[in-house]
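# Analysis of the macromolecular model
The lines below spell out each chain.
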Amino acid sequence: MLHSKKGYDFYRQDIYCDNLFSKHFDITDFQDKKIDIVTAFEVFEHLDNPLVEIEKMFKYSENVVFSTTLIPDDINLFKEYGFDFGINNFIADSQDYFYLKELKPIFVKADKQYILDTAQNINVLKIMLESLGIYLIVTGVNNINELTMLSKNNVSAISGRIV
């Protein structure tokens, strides 16, 4: 498990897979049983009974982060239980614009290449997001020139590594 090997205090749990590579980093090895945050990457769509599994996750922590492809039924379930969500990789095809209005995520992450390709891209996207109250985060920003160009377009949130 790379997180733990990099010095992060991560533990794993997978009831369908033996722990072959992360000895002593299994949740059963963790004594405290209260965790700052539970992460579940590309898991949600595989759960037979998501509500039961989510309840189990919240026994470990009051904070759970899911990374998954959401479908409208999932969104309704999240809304029913008061969860917010964001779109991690907005690719801006016509279907994405339709879903933004319907799903209303709290944020959208879009790659800097899409945003910087044309002024029209950022203007259309910003108008749409602002009208829906959705926050824009531009990802993949790696240098001062990109940061400057995004700043000129009134982008206030970025993710990347400035070198």
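Everything below is about the structure shown above.
Here is a short report on the structure shown in this document. Computed from a predicted model, the values in this text were never measured in an experiment.

### Section: helix H7 (residues 144-152)
The opening residue of H7, the one whose side-chain oxygen lies 3.1 Å from the backbone nitrogen of Asn145, is Asn143. Remark: Asn154 follows H7 within two positions and exhibits a positive phi of approximately 60 degrees.

### Focus: the layout of surface pockets
Roughly 1200 Å³ of internal volume is contained in the largest pocket. Contributing to the lining of the largest pocket are 36 residues, with Tyr11, Arg12, Gln13, Asp14 and Thr39 lying nearest its centre. Of all the secondary-structure elements, those providing two or more residues to the lining of the largest pocket are strand E1 (38-41) and helix H2 (50-60).

### Remarks on the pattern of salt bridges
All chains considered together, the criterion is met by three salt bridges. A salt bridge links Glu146 to Lys112, with the shortest nitrogen-to-oxygen separation between them at 3.2 Å. With Glu146 in helix H7 and Lys112 in helix H5 (residues 112-117), this residue pair connects regions lying 34 residues apart in the sequence. Of the two residues, Glu146 and Lys112, both sit in the buried class. Between Glu130 and Lys126 there is a salt bridge whose closest N-O contact spans 3.8 Å. On the criterion of helical spacing, the pair formed by Glu130 and Lys126 is a turn pair, its members being four residues apart in helix H6 (residues 119-132). On the basis of relative accessible area, Lys126 is assigned to the buried category, the value being 15%.

Thresholds, definitions, all that
- Residues numbered from 1 in each chain as written.
- Predicted model: local features only at pLDDT ≥ 70, side-chain atom pairs only at ≥ 80, totals over all residues.
- Heavy atoms only, no water.
- Polar contact = N/O pair within 3.5 Å; in protein donor to acceptor, adjacent residues only side chain to side chain.
- Helix = DSSP H or I, 4+ residues; strand = E, 2+ residues; numbered from the N terminus.
- 1 Å grid on protein atoms, 1.4 Å probe; cavity = no way out; pocket = protein on both sides within 12 Å on 5 of 7 lines; lining within 4 Å.
- Points joined across faces, edges and corners; volume = space filled by probe spheres on them.
- Salt bridge = Lys/Arg side-chain N within 4 Å of Asp/Glu carboxyl O.
- Buried < 20%, exposed > 50% of the residue type's maximum accessible area, 1.4 Å probe, protein only.

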